[in-house]
Amino acid sequence: MILKSIPILSLNNVCYEASGKQLIKKLSCQFMAGPRCVIIGPNGAGKSILLKLCHRLLNPSQGHIQWYDEKGNKSNSIINQAMVFQRPVMLRRTAAANVDYALSLRGLNKIQRKARTEEVLKLTGLTHLGHFSARVLSFGEQQKLALARAWALRPKILFLDEPTASLDPSATFEIEKVINAIHNSGTQIIMTTHDLAQAKRLADEVLFLHRGQILENSLASTFFAGPTNKFAQAFLKGDLLVWDQKEVKIQGR
Amino acid sequence: MNVFLDAISLLTTTDSNLLSIVGLSLWVSLIAVFFATLIGIPLGAATSLYEFRGRQFLIVLLNALMGLPPVVVGLIVYLLLSRSGPFGVLGLLFSPTAMIIAQTILIIPIIAALSRQIIDHLWIEYSEQLLSLGATSYRRMKTLIWDGRFSLLTAVLAGFGRAIAEVGAVMIVGGNIDHVTRVMTTSITLEVSRGNLALALGLGIVLITLSLSINAIAYLLKEFAESRQI
């Protein structure tokens, strides 16, 4: 069941090419307001590129990306959005100053920035680390800080590119708690992962991507009960999807 | 050996002539470094971050000008500031200001080219994050310069090293006038030709000590910043 039916972003026949290689192939899909959408697929599927296209860090070689306003009408302006990357990039300043910097780019005054920085650091449990240099924090703390920095911007959509890819289970748990809190505060979450267990925990909708194409787009419950696409079935089963230059081969037991 | 002892004796007795030469050298070079930094770092950052017509040419030019022959720069500044030159009316020739101008021209390419390389590396790390946060071109440049400040110090030091050790250009535009435009390098040249090797050696020792000290301070500052990740 789709929780809300207002579209926020749609991709129409989007292609992305780099160095003569087509990495995203005529991809069309629509993201709706409300449910957490998790994009899954093996390495090299194009998950990160898809997020970067949506976030406008990359421009499509072909096709069109359409944004919608809060009422679901087509909009020429891009709504407030933020992104957290697989490897957090921390500026050379304190944890609090990293959040403050992001807010300064949105034109907030000093008092507003201070209040909001304190708020997100408290919400993410980082208050005690606020005055430390962001670059001396552990990887998990840095990723949490990256989420806090993005959350401080109060985005309508938050793109997360494998935010727990290099983290241990306890750090992953902490990050997922923050992701859920951000979602509960009204931010649309669109994230990528190749961790099926995480997708089960976080997804309302699943988009299965393979070699730059969407092979399955369904509700999480439907997808995990049994996807219709054979590659998605194989991926879910834990088989390896191997590309041998001509075709994809499924290598199971 | 006697020359060396005489040089040490000159240094320990704080010879006033020697002090005035050292003072002027530092003054001219530091002011030149200040102006070259003001121009060179933004220029280097801009060539790294902005796409504009002639960017590639400017990068090649800055790299090539790092090895700019000082006497040629001295000659050009001389022609510009001489009485018949376009800026002759300012009466700057054979003054410390003329020496500052020549040194500034000499070290701008060094600071700019090295800054560009430093900003290039930092941009690879920061680009996606800054673009994602919506930083404008100006803010990106400002952020990268600030975050790369300790690495950029190396570029500034390279410029200072070139400026303080420079002799050809300052000799032409300064004229090596006693108590007016005589700096350590021009003085060493003169004293050697006069046979006053003790003073020349004394100045040489000061020059090397200054250079080592400034580099050591900058190195320690960079190490401190890196250890604290600031």
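Up top you'll find the structure we're talking about.
Residues numbered from 1 in each chain as written. Chains lettered and ligands numbered in written order. Predicted model: local features only at pLDDT ≥ 70, side-chain atom pairs only at ≥ 80, totals over all residues.

K.L.:
Where do I start with the overall build of chain A in this structure?
P.N.:
A count of helices and strands for chain A gives eight helices and twelve strands. A principal-axis box enclosing the C-alpha atoms of chain A has dimensions of 55 × 45 × 40 Å. Partitioning the intrachain contacts of chain A with sequence separation of at least 6 by distance along the chain shows that 66% fall at a separation of at least 24. (Helix = DSSP H or I, 4+ residues; strand = E, 2+ residues; numbered from the N terminus. Contact = placed C-beta atoms within 7 Å.)

K.L.:
Please clarify how the packing of helix α4 (residues 139-152) of chain A against helix α5 (residues 169-184) of chain A should be interpreted in this entry.
P.N.:
Packed helices, taken two at a time, are described by the angle their axes make and the gap between the axes. Residues and elements named next belong to chain A. Running from N to C, α4 and α5 cross one another at 5°; their axes reach a closest spacing of 10 Å. Classified by the angle their axes make, α4 and α5 are roughly parallel. Of the residues in α5, those in contact with Gly140, Gln143, Lys144, Leu147 and Trp151 of α4 are Ala171, Glu174, Ile175, Val178 and Ile182. (Axes fitted to C-alpha atoms, helices over the stretch in contact; angles between N-to-C directions. Parallel < 35°, antiparallel > 145°, perpendicular 65-115°, else oblique.)

K.L.:
Sorry if this is basic, but what is going on with the sheet that holds strand β6 (residues 81-84) of chain A here?
P.N.:
Paired through their backbone hydrogen bonds, the strands of a sheet run either parallel or antiparallel. Residue and element names in this part refer to chain A. Strand order in this open sheet of six strands is β6-β7-β8-β3-β9-β10, and the pairing throughout is mixed. The sheet is open, and its two borders are formed by β6 and β10 (213-219), each paired with just one other strand. Direction aside, the axes of adjacent strands within the sheet are offset by 15° on average. Two elements, strand β9 (residues 205-210) and β10, share six bridges in a ladder whose sense is antiparallel. Bridge pairing in β10 places His210 opposite Gln213. (Pairing = 2+ DSSP bridges.)

K.L.:
What's the story with the interface of chain A and chain B in this structure? I'm lost.
P.N.:
Accessible area lost during the coming together of the parts is what is often quoted as the interface size. Residue-level contacts link 13 residues of chain A with 15 residues of chain B. Of all the elements in the fold, those that place two or more residues in the side of chain A that touches chain B are β6 and α2 (95-105) of chain A. Residue classes in the side of chain A that touches chain B are distributed as nine nonpolar, two polar and two charged. (Nonpolar A, V, L, I, M, F, W, Y, C, P; charged D, E, K, R; others polar.)

K.L.:
How should I be thinking about the packing of helix α2 (residues 16-49) of chain B against helix α5 (residues 96-133) of chain B in this particular structure?
P.N.:
Where α2 of chain B contacts α5 of chain B, the axes come no closer than 5 Å and their chain directions differ by 35°. Judged by the twist between their axes, the crossing of α2 of chain B over α5 of chain B is right-handed. (Left-handed = near helix turned anticlockwise from the far one by under 90°.)

K.L.:
Mind showing me how you'd approach α5 of chain B here?
P.N.:
The α-helix advances 3.6 residues per turn, and as a result positions three or four apart in sequence lie on the same side. Residues and elements named next belong to chain B. Counted at 1.5 Å a residue, the expected span for α5 with its 38 residues is 56 Å, but the 47 Å between its end C-alpha atoms falls short. Remark: the principal bend of α5, roughly 60°, maps to Tyr126. Among the 38 residues of α5, 27 are classified as buried, and the element is accordingly described as predominantly covered. Gly134, located one to two residues past α5, shows a positive phi value of around 85°. (Expected span 1.5 Å × (residues − 1). Bend = angle between axes of the 7 residues up to and from the residue. Buried ≥ 20, exposed ≤ 12 C-beta atoms within 10 Å, placed from the backbone.)

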